[in-house]
Amino acid sequence: VLEACDTIVPRLRNNLTGEQPIVLHGNGHTGRWFMQGLWREMRFLERVGLTPAQLAHLPHDGPVPPGTIPDEATEKNWAATFQLYRIIEMQMAYARDGIEWDPWKEAAAQAGVG
């Protein structure tokens, strides 16, 4: 949770533990999404005196250029990543019980593929 958004130094608070981290590390696909959302909420560019237009010419590794908001199609793409994670977690849970479950094989069978 982002706290004190309108102060000079906004802070994060962990919902589960209540701790306020000093260092935050965003890594990989989900980390980039998280950090970009956080930077927008904190108004980071505004705080350091930059605009999205001033950064537009620079390469970026996030889902959208710094300071911009993802469109609906980009948001759907992001959500799909988490849906895949849930499917993989379900596969692992079934595997721990000795059950083989492959939703892609099931989908292919229903579609008459293979």
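Refer to the structure presented above.
Notes on the structure in this doc start here. None of the values given here were measured: they were computed from a predicted structure.

### A short note on the pattern of salt bridges
Line of reasoning, step 1. Here the structure, examined in full by the defined rule, presents three salt bridges.
Line of reasoning, step 2. One salt bridge connects Glu46 with Arg43, and the closest N-O pair in it is separated by 3.3 Å.
Line of reasoning, step 3. A relative accessible area of 31% places Arg43 in the partly exposed class.
Line of reasoning, step 4. Between Glu72 and Lys76 there is a salt bridge, with the nearest N and O atoms lying 3.9 Å from each other. Placement of the pair is Glu72 and Lys76 together in helix H4 (residues 72–96), with a separation of four residues, close to one helical turn. Here Glu72 matches Lys76 in class, with each residue exposed.

### Notes on a nonpolar patch on the surface
Line of reasoning, step 1. Together, Trp39, Phe44, Val48 and Leu50 make up an exposed nonpolar region whose accessible area comes to about 350 Å².
Line of reasoning, step 2. Tracing the backbone through its elements, the reader meets Leu50 in the loop between helix H2 (44–47) and helix H3 (52–55).
Line of reasoning, step 3. Judged by relative accessible area, which is 34%, Leu50 ranks as partly exposed.

Rules of the game
Residues numbered from 1 in each chain as written. Predicted model: local features only at pLDDT ≥ 70, side-chain atom pairs only at ≥ 80, totals over all residues. Heavy atoms only, no water. Salt bridge = Lys/Arg side-chain N within 4 Å of Asp/Glu carboxyl O. Buried < 20%, exposed > 50% of the residue type's maximum accessible area, 1.4 Å probe, protein only. Helix = DSSP H or I, 4+ residues; strand = E, 2+ residues; numbered from the N terminus. Patch = residues over 30% accessible without salt bridge, like charges linked within 9 Å, V, L, I, M, F, W, Y side chains within 5 Å. Areas by Shrake-Rupley, 256 points an atom, 1.4 Å probe, with all protein chains shown as cover.

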